[in-house]
Amino acid sequence: MATSLKIDDALKSRVQQLASQRRRSPHWIMLEAIQLYVEREEARESFKQEALTSWAAYKETGRHLTGQEVRTWLNTWGTNDERAVPECHE
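Residues numbered from 1 in each chain as written. Predicted model: local features only at pLDDT ≥ 70, side-chain atom pairs only at ≥ 80, totals over all residues. Heavy atoms only, no water.

Engineer: In this structure, what is going on with the overall build of the protein? I would like to understand it.
Structural biologist: Within the protein one finds three helices and zero strands. Along the chain direction, N to C, the helices and strands of the protein fall in the order α-α-α. For 90 residues, the compact-globule estimate of 2.2 N^0.38 gives 12 Å, and the C-alpha radius of gyration of the protein, at 23 Å, exceeds that figure by more than 25%. When its C-alpha atoms are laid out on the principal axes, the protein stretches across 60 × 35 × 25 Å. For the protein, with 90 residues in total, the buried portion stands at 6%. Considering only contacts in the protein between residues 6 or more positions apart, those separated by 24 or more positions represent 34%. When the accessible area of the protein is evaluated, it comes to approximately 8,200 Å², of which 54% is carbon and sulfur surface. Averaged over its 13 positive side-chain charges, the protein has a centre that lies 11 Å from the centre of its 14 negative ones. (Helix = DSSP H or I, 4+ residues; strand = E, 2+ residues; numbered from the N terminus. Rg over C-alpha atoms; globule rule 2.2 N^0.38 Å. Buried < 20%, exposed > 50% of the residue type's maximum accessible area, 1.4 Å probe, protein only. Contact = heavy atoms within 4.5 Å. Areas by Shrake-Rupley, 256 points an atom, 1.4 Å probe, with all protein chains shown as cover. Lys, Arg positive; Asp, Glu negative; His and termini not counted. Charge placed at Lys NZ, Arg CZ, Asp CG, Glu CD.)

Engineer: Got a minute to help me understand the packing of aromatic side chains in this structure?
Structural biologist: Geometry of an aromatic ring pair is reported as the spacing of the ring centres plus the angle between the planes. Considering all chains together, one arrives at two aromatic pairs under this definition. Residues W73 and W77 carry aromatic rings whose centres are separated by 5.2 Å and whose planes lie at 90° to one another, so their mutual orientation is edge-to-face. Between the NZ or CZ atom of R24 and the centre of the ring of W28, over which it lies, the distance is 4.2 Å. (Phe/Tyr/Trp six-rings, centres within 6.5 Å; stacked < 30°, edge-to-face > 60°. Lys NZ or Arg CZ within 6 Å of the ring centre and 35° of its normal.)

Engineer: Would you take a moment to explain a nonpolar patch on the surface for this structure?
Structural biologist: On the surface, L5, I7, L11, I34, Y37 and V38 cluster together to form a nonpolar patch covering roughly 510 Å² of accessible area. With respect to the helices, strands and loops of the structure, V38 is situated in helix α2 (residues 26-61). (Patch = residues over 30% accessible without salt bridge, like charges linked within 9 Å, V, L, I, M, F, W, Y side chains within 5 Å. Salt bridge = Lys/Arg side-chain N within 4 Å of Asp/Glu carboxyl O.)

Engineer: Just to check I follow, could you spell out the side chain of T76 for this structure?
Structural biologist: Secondary-structure assignment places T76 in the segment after α3 (67-74). For T76, a relative accessible area of 7% corresponds to the buried category. Within the local environment of T76, its side chain forms a polar contact with the backbone oxygen of W73, the two atoms lying 2.6 Å apart. Reaching out from T76, the side chain makes a polar contact with the backbone nitrogen of R83 at a distance of 3.1 Å. (Polar contact = N/O pair within 3.5 Å; in protein donor to acceptor, adjacent residues only side chain to side chain.)

Engineer: Hey, could you run me through α2 in this one?
Structural biologist: An α-helical turn contains 3.6 residues, so any two residues separated by three or four positions project in the same direction. The terminal C-alpha atoms of α2 lie 52 Å apart, and with 36 residues this matches the ideal 52 Å at 1.5 Å per residue to within 8%. Of the residues one or two after α2, G62 is the one with positive phi, at around 80°. (Expected span 1.5 Å × (residues − 1).)

Here it is in structure tokens:
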């Protein structure tokens, strides 16, 4: 799919400079930038949806872990005393 982008001269110059420094084409630089942006925004949206789902579950059940409970559990990771995920409670 061919797509065109209109960018101002300053940005065009920056892309060309970076492409030259990286020994890549301006097309490669722009494509890489778009791919990284889309991946980052998809991850943010996924995180947001997961948070909304968790919030809805909490409002429905009241089950949760406190921040301190999670920190205590995480602090055991990679130690000889690594613990299983704590049980949620009301």
